[in-house]
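As a plain string of letters, each chain reads:
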Amino acid sequence: AIVDAPGWPPVKSMLDRLPVWTVSNEQGQPLQYQSTEDGRPLALFYSCVDAARDELESARKEHPTLGLDIVPMGMGEAFRLHRSGDGVLVPSTRSLAAAGAPPNASPLGQELPLFCCMEMASEGPDGPVLP
């Protein structure tokens, strides 16, 4: 798996500089949602703080006694949980649209698009190489 590769720790460290948000209880534990595929509990990690706030509002109505709030965490850790099957990274609708998805595409179940500045790339023997 990619998160077990020797090169993963420095990539995770870079990704952890980027925040994602999750709805968590008073102890800071992410709220668990049941997977529709296998019934497994999953945490949702939102790349858009506004989407996390919307989910928080909905979750507070459903679970008013849990002391819920949104908590930031590093994208690297969220990606690791996503790849291990313990979480889902939820992209923003804006990033999906920028990546070419239809305007009505649901963010749930979509891959998180990541963008880079190709002007920073240099030409390598097999194509562009990013710093």
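Residues numbered from 1 in each chain as written. Predicted model: local features only at pLDDT ≥ 70, side-chain atom pairs only at ≥ 80, totals over all residues. Heavy atoms only, no water.

Chemist: Please explain the overall build of the protein as it appears in this structure.
Modeler: A count of helical and extended segments in the protein gives four helices and seven strands. In terms of its C-alpha atoms, the protein occupies a principal-axis envelope of roughly 60 × 35 × 30 Å. Within the protein, buried positions represent 31% of all 131 residues. Long-range pairs, those at least 24 residues apart, make up 56% of the contacts in the protein with a sequence separation of at least 6. (Helix = DSSP H or I, 4+ residues; strand = E, 2+ residues; numbered from the N terminus. Buried < 20%, exposed > 50% of the residue type's maximum accessible area, 1.4 Å probe, protein only. Contact = heavy atoms within 4.5 Å.)

Chemist: Whenever I open this one, the packing of helix H1 (residues 8-15) against helix H3 (residues 75-84) confuses me. Can you help?
Modeler: Pairs of packed helices are described in terms of their axes, by the angle between the two and the distance that separates them. Between H1 and H3, whose axes approach to 6 Å, the crossing angle comes to 120 degrees. It follows from the interaxial angle that H1 and H3 lie oblique. Every residue of H3 that contacts H1 at Trp 8, Lys 12 and Leu 15 is listed here: Met 75, Gly 76, Glu 77, Phe 79 and Arg 80. Residue classes in the contact of H1 with H3 are distributed as four nonpolar, one polar and three charged. (Axes fitted to C-alpha atoms, helices over the stretch in contact; angles between N-to-C directions. Parallel < 35°, antiparallel > 145°, perpendicular 65-115°, else oblique. Nonpolar A, V, L, I, M, F, W, Y, C, P; charged D, E, K, R; others polar.)

Chemist: Any chance you could explain the nonpolar core here in plain terms?
Modeler: Generally speaking, nonpolar side chains in soluble globular proteins are found buried as a group. Formed by 13 residues in total, the largest nonpolar core has its most connected members in Val 23, Leu 68 and Ile 70. For this core, the secondary-structure elements that each account for two or more residues are strand E1 (19-24), strand E3 (41-46), helix H2 (49-62) and strand E5 (87-90). Beyond its immediate sequence surroundings of up to four residues, Leu 68 is in contact with Val 23, Ser 24, Asn 25, Leu 31, Leu 56, Ala 59, Arg 60 and His 63. Among the nonpolar cores identified, the runner-up in size contains eleven residues, and Val 3, Val 20, Phe 45 and Met 75 belong to it. (Core = buried A, V, L, I, M, F, W, Y, C linked by side-chain atoms within 4.5 Å.)

Chemist: What is the right way to read the pattern of salt bridges from this model?
Modeler: A side chain with one charge can pair with a side chain of the opposite charge if their charged atoms come near. Across all of its chains, the model carries six salt bridges by this definition. Arg 53 serves as the salt-bridge partner of Asp 50, at 3.2 Å between the closest nitrogen and oxygen. On the criterion of helical spacing, the pair formed by Asp 50 and Arg 53 is a turn pair, its members being three residues apart in helix H2. On the basis of relative accessibility, which here comes to 46%, the residue Arg 53 falls in the partly exposed class. Linking Glu 57 and Lys 61 is a salt bridge whose minimum nitrogen-to-oxygen distance equals 3.7 Å. Note that Glu 57 and Lys 61 are positioned in helix H2 at a spacing of four residues, about one turn of the helix. Taking the relative accessible area as the measure of exposure, Lys 61 reaches 64% and is therefore exposed. Each of the salt bridges in this network shares a partner with another, and the network as a whole consists of Lys 12, Asp 16, Glu 77 and Arg 80. (Salt bridge = Lys/Arg side-chain N within 4 Å of Asp/Glu carboxyl O.)

Chemist: Any chance you could explain the layout of surface pockets here in plain terms?
Modeler: Gaps left between atoms are located by rolling a probe of water-molecule size over the structure's atoms. One number sums up the size of the largest pocket: a volume of about 450 Å³. Along its surface, the largest pocket is lined by 18 residues, and Ser 35, Thr 36, Glu 37, Leu 42 and Val 88 are the ones closest to its centre. Elements with a contribution of two residues or more to the lining of the largest pocket: strand E2 (32-34), E3 and E5. If you tally residues by element for the lining of the largest pocket, the top one is E5, at three residues. (1 Å grid on protein atoms, 1.4 Å probe; cavity = no way out; pocket = protein on both sides within 12 Å on 5 of 7 lines; lining within 4 Å. Points joined across faces, edges and corners; volume = space filled by probe spheres on them.)

Chemist: Would you take a moment to explain the pairing of E5 for this structure?
Modeler: Two faces belong to every sheet, and in a regular strand the side chains alternate between them. The alternating pattern of E5 places Gly 87 and Leu 89 on one face and Val 88 and Val 90 on the opposite face, and all of these are buried. Strand direction decides the pairing type here: E3 and E5, joined by four bridges, are parallel. When the bridges of E5 are listed, Ala 43 appears paired with Gly 87. (Pairing = 2+ DSSP bridges.)

Read these as geometric descriptors, not functional statements.
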